[in-house]
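The lines below spell out each chain.
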Amino acid sequence: MMEKTIEIKNLYKSFGSLHVLSGVDLDVHENENVVVLGRSGTGKSVLIKIIAGLLTPDRGQVKVFGQSVADLTAKELNALRLKIGFSFQSSALYDSMTVRENLEFPLVRNLKNMTRKEIDKAVDEVIEAVGLKKTLDQMPSQLSGGQRKRIGIARTLIMNPKIMLYDEPTAGLDPITCQEINDLMNQVKEKYRTSSIIITHDLTCAKETGDRVAILFDGKFAYQGTFEEVFGNPDPRIRSFYDYNFIEPKLQN
Ligand SMILES: Nc1ncnc2c1ncn2[C@@H]1O[C@H](COP(=O)(O)OP(=O)(O)OP(=O)(O)O)[C@@H](O)[C@H]1O
């Protein structure tokens, strides 16, 4: 088994009387995609915000790269965040910048002493990785929803992240574009050897991308395993996920 990048033990988080996470355990390894499923409001986004140090847990342990996030200084936390790629629904591209300028932005902001040549090389590499070289001089408004999503992912890859956190990467996309995004997430894992958490309501995405799948029920992961293991479980609560997706997941292929 690969090294653990993220280790979460007995994590609790409440907002006032709202108990969101109550006893979450989760490990994510290098070169692994873990899909997190759970109904709306079960705390999936809260979980990834805690991992990135954007929210503080009430109790429990979160270690990233072997270090407890709670013990990091502000400077160390910033350094950690640079190794984490966020693909959030809200992480939109800047409309007034070209695709190239959007891709350069994180480098120019965070790594001030790069040369023009180094920046161009980094842009070339990530645009190649997402297969959209011809869009470099276009504006985001000229791209399809799927292309924008891929450029958004490229913009996080330019920082060479070791962890990718995807919040509903396929939401609102047609099935063919979903498949392209699923393929891209798998390619990113292989090429960058990332540890990824993929939050989704899309079971096809879960099946295609998840080396492991974990389902949040009542503030903790009731099930973790391969897609087949988890969805082969007779727990009637799992049924609600098929109903939501209007499909019967095929477990045999
Ligand atoms: N900063 C906050 N302050 C107060 N309540 C919050 C805060 N962040 C999240 N919550 C609450 O925590 C609960 C879990 O939110 P979260 O966004 O993690 O859900 P989710 O599982 O990601 O849902 P969805 O699938 O709809 O995106 C919600 O009830 C939300 O209102």
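This text gives an overview of the structure that appears in the document. Quick caveat, the model's predicted, so the values are computed rather than measured.

Attention shifts here to the site of the ligand. Phe15, Leu18, Val20, Gly38, Ser40, Gly41, Thr42, Gly43, Lys44, Ser45 and Val46 make up every residue found near the ligand. Among the elements of the structure, strand 2 (18-29) and helix 1 (44-51) are those that each provide at least two residues to the shell around the ligand. For the shell around the ligand, a count of residues per class yields four nonpolar, six polar and one charged.

Taken together, the four strands give an open sheet; going across it, the order is 2-1-4-5, and neighbouring strands pair in antiparallel fashion. Strand pairing shows two members of the sheet lacking a second neighbour, strand 2 and strand 5 (67-68), which therefore form its edges. Here strand 1 (residues 4-15) runs beside strand 2; their pairing, made up of nine bridges, is antiparallel. Counterpart to Phe15 in the pairing with strand 2 is Leu18.

The next point concerns the packing of helix 5 (residues 145-157) against helix 6 (residues 175-192). As a packed pair, helix 5 and helix 6 sit with axes 10 Å apart at the nearest point and diverge in direction by 15°. Judged by the inter-axis angle, helix 5 sits roughly parallel to helix 6. Crossing of helix 5 against helix 6: the hand is right-handed. Note on element contacts: helix 6 touches helix 5 through Thr177, Glu180, Ile181, Leu184, Val188 and Tyr192, opposite Gly145, Gly146, Lys149, Arg150, Ile153 and Leu157. Across the contact of helix 5 with helix 6, the residue classes tally to six nonpolar, three polar and three charged.

Strand order in the open sheet formed by six strands is 6-7-8-3-9-10, with mixed pairing between adjacent strands. Every interior strand has two partners, whereas the edge strands, strand 6 (84-87) and strand 10 (220-225), have only one. Direction aside, neighbouring strands of the sheet carry axes that sit 20° apart on average. Where strand 3 (residues 32-38) lies against strand 8 (residues 195-199), five bridges are found, and the strand directions are parallel. Across the sheet, residue Val35 finds its bridge partner in strand 8, namely Ile198.

Quick notes on the rules
Residues numbered from 1 in each chain as written. Predicted model: local features only at pLDDT ≥ 70, side-chain atom pairs only at ≥ 80, totals over all residues. Near = placed C-beta within 6 Å. Helix = DSSP H or I, 4+ residues; strand = E, 2+ residues; numbered from the N terminus. Nonpolar A, V, L, I, M, F, W, Y, C, P; charged D, E, K, R; others polar. Pairing = 2+ DSSP bridges. Axes fitted to C-alpha atoms, helices over the stretch in contact; angles between N-to-C directions. Parallel < 35°, antiparallel > 145°, perpendicular 65-115°, else oblique. Left-handed = near helix turned anticlockwise from the far one by under 90°. Contact = placed C-beta atoms within 7 Å.

Nothing here speaks to function; it is geometry throughout.
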